[in-house]
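What follows is each chain in one-letter form.
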Amino acid sequence: MRKLDADRNAGSISIEGLTRRFGAVHAVDGVSLDIRAGEFLALLGPSGSGKTTILMSIAGFEYPDEGRILLGGEDITWLPPNRRNLGMVFQRYTLFPHMSVLENIAFPLKMRGLGRAEREERARAALRTVRLDQLGERRPAQLSGGQQQRVAIARAIVYRPRVLLMDEPLSALDKNLREEMQIEIKHLQREIGITVVFVTHDQTEALTMADRVAVLDHGRLQQLGAPRELYEAPQTEFVAGFIGETNFWSGSAAAAAAPGEAVGVRLEGSGVMPALAVSRVAAGDRVRLALRPERLRILPGAAEGVPALVTEAIYAGNATTLMLEAAGGQVLRLRIPAGAGLPEAVAGEAVTLGWQAADARAFGVAP
Ligand SMILES: Nc1ncnc2c1ncn2[C@@H]1O[C@H](COP(=O)(O)OP(=O)(O)O)[C@@H](O)[C@H]1O
Ligand SMILES: [Mg+2]
């Protein structure tokens, strides 16, 4: 029974208080993160936010200044890379140009001392998994970028690692191929039931592929959650701005509120509008309101709300985007999905805007 549990958790990763400094730069700053066995986890953040450093620490190519890393419950912080049994795929394909595709894939098995027949059999199976069965005899240069990346994936999974680490593996591919590969990698991950830690700076890629996403900024974990949680309930102003489109509007709390409670926000240049408090606020505290463009509504006639002028209306088939200027010079973006029967407006029109408390998030601003 105990053995079974151990196997089931073999691919889990716990990162505990990971810190890595380069001189004065905190590349990773006290990150704690539990990754479940069999989970697809994306590390998402802008360039320089510490994604690669975290991945390299899991792989064993970087050692932390503080904290530790557990794999399947075992402390691997100081274990050399070749004893961690992890697969890795990088942005560039890093295939050996003078070897055939099959030889490339079989290479890690050769390093591990497996016999020729078994190497060949396993390499062919891995090639089938990435759907390149027919191309085993070719050289890497005779393959497209997408095919080369598939070979790199096959080589990374051929020795059946518990975890596959991928650092921006699709960023060298063009958009169509990238989207195709996103779905393919996701299928592959489900099929072989492997834990994947996937680094990307592309939010769409992270939301499309991952079970959960860890959002990083300046080496700090901002939020860990399912794609829907991150979009609908961002916990920091950074996440609200980084994931999807957001209008920010400064104001002050009209009353005290606890996290998750509705609060009135006195908006700069405008009246009091409803929002949900993300953190605890006292009356008069500075806050920043985050509003998604598709949650803003144009209200009928004499309704109470925020007066604004439509400066531009951009029709894009599936939606119309309005650029608005509200009182006090606040610029807003509003999106009206097509076919929902929602009121529209044209450039030059004066409108009244409104939203529900649940559609606006108020972040406390450090004084
Ligand atoms: N070997 C290194 N020497 C000095 N600075 C480094 C080194 N590796 C990373 N950094 C710095 O640490 C920060 C995080 O880098 P990195 O983990 O590569 O971020 P990301 O992968 O999110 O772009 C950056 O400021 C980067 O310049
Ligand atoms: Mg990187």
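What you are looking at is a predicted structure, and each value in this text was computed from that prediction instead of being measured.

Caption draft 1: Representation of the pairing of strand β13 (residues 272-277) within the structure. Pairing between strand β12 (residues 262-267) and β13: 5 bridges, direction antiparallel. Pairing of R266 across the sheet is with V272, part of β13. The turn linking β12 back onto β13 is made up of 4 residues, and G269 within it adopts a positive phi angle of 80°.

Caption draft 2: Representation of the site of ligand 1 in the model. Close contacts around ligand 1 come from F22, V25, A27, P46, S47, G48, S49, G50, K51, T52 and T53, and that covers them all. Between an oxygen atom of ligand 1 and a main-chain N or O atom of G48, the distance comes to 2.7 Å. In this structure, T52 approaches ligand 1 through a side-chain N or O atom, which is 2.8 Å from an oxygen atom. Contact with the protein chains hides 58% of the accessible area of ligand 1, taken as 560 Å² for the molecule alone. Considering each element in turn, the shell around ligand 1 owes the most residues, 3 residues, to helix α2 (residues 51-59).

Caption draft 3: Summary view of helix α4 (residues 116-129). Between its first and last C-alpha atoms α4 spans 20 Å; for 14 residues at 1.5 Å apiece the expected length is 20 Å, and the two agree. Inspection of α4 places R119, R122, A123, A126 and L127 among the buried residues, and these make up the whole buried set. Down the axis of α4, the buried set is contained in an arc of 140°. They therefore lie on one face. In α4, the exposed positions angled more than 90 degrees off the buried face are occupied by A117 and E121.

Caption draft 4: Geometry of the sheet that holds strand β1 (residues 13-22). Strand order in the open sheet formed by 4 strands is β2-β1-β4-β5, with antiparallel pairing between adjacent strands. Edge positions in the sheet fall to β2 (25-35) and β5 (74-75), since each has one partner strand and no second. Here β1 pairs with β2 via 8 bridges, running antiparallel. Bridge pairing in β2 places R20 opposite V28. Across the sheet, α2 lies against β1, β2 and β4 (66-71), angled at about 120° from β1, the strand it touches most.

Caption draft 5: Highlighting the packing of aromatic side chains. Taken as a whole and assessed by the stated rule, the structure comprises 4 aromatic pairs. Arranged with centres 5.6 Å apart and planes meeting at 40°, the rings of F40 and F198 form a pair that is tilted. Here F198 lies in strand β8 (residues 195-200) and F40 lies in strand β3 (residues 40-44), a separation of 158 residues in the sequence. Neither residue differs from the other here; F40 and F198 are each classed as buried. Measuring from centroid to centroid gives 5.5 Å for Y63 and W78, while their planes differ by 10°, and the two rings are stacked. With Y63 in the loop between α2 and β4 and W78 in the loop between β5 and β6 (86-89), this pair connects stretches of sequence that are 15 residues apart. Just above the ring of Y159 sits the side chain of R112; from NZ or CZ to the centre is 3.7 Å. Directly above the ring of Y231 sits R292, whose terminal nitrogen or CZ lies 3.9 Å from the centroid.

Reading guide: rules and limits
- Residues numbered from 1 in each chain as written.
- Chains lettered and ligands numbered in written order.
- Predicted model: local features only at pLDDT ≥ 70, side-chain atom pairs only at ≥ 80, totals over all residues.
- Heavy atoms only, no water.
- Pairing = 2+ DSSP bridges.
- Helix = DSSP H or I, 4+ residues; strand = E, 2+ residues; numbered from the N terminus.
- Near = heavy atom within 4 Å.
- Polar contact = N/O pair within 3.5 Å; in protein donor to acceptor, adjacent residues only side chain to side chain.
- Areas by Shrake-Rupley, 256 points an atom, 1.4 Å probe, with all protein chains shown as cover.
- Expected span 1.5 Å × (residues − 1).
- Buried < 20%, exposed > 50% of the residue type's maximum accessible area, 1.4 Å probe, protein only.
- Arc of directions from axis to C-beta.
- Contact = heavy atoms within 4.5 Å.
- Axes fitted to C-alpha atoms, helices over the stretch in contact; angles between N-to-C directions.
- Phe/Tyr/Trp six-rings, centres within 6.5 Å; stacked < 30°, edge-to-face > 60°.
- Lys NZ or Arg CZ within 6 Å of the ring centre and 35° of its normal.

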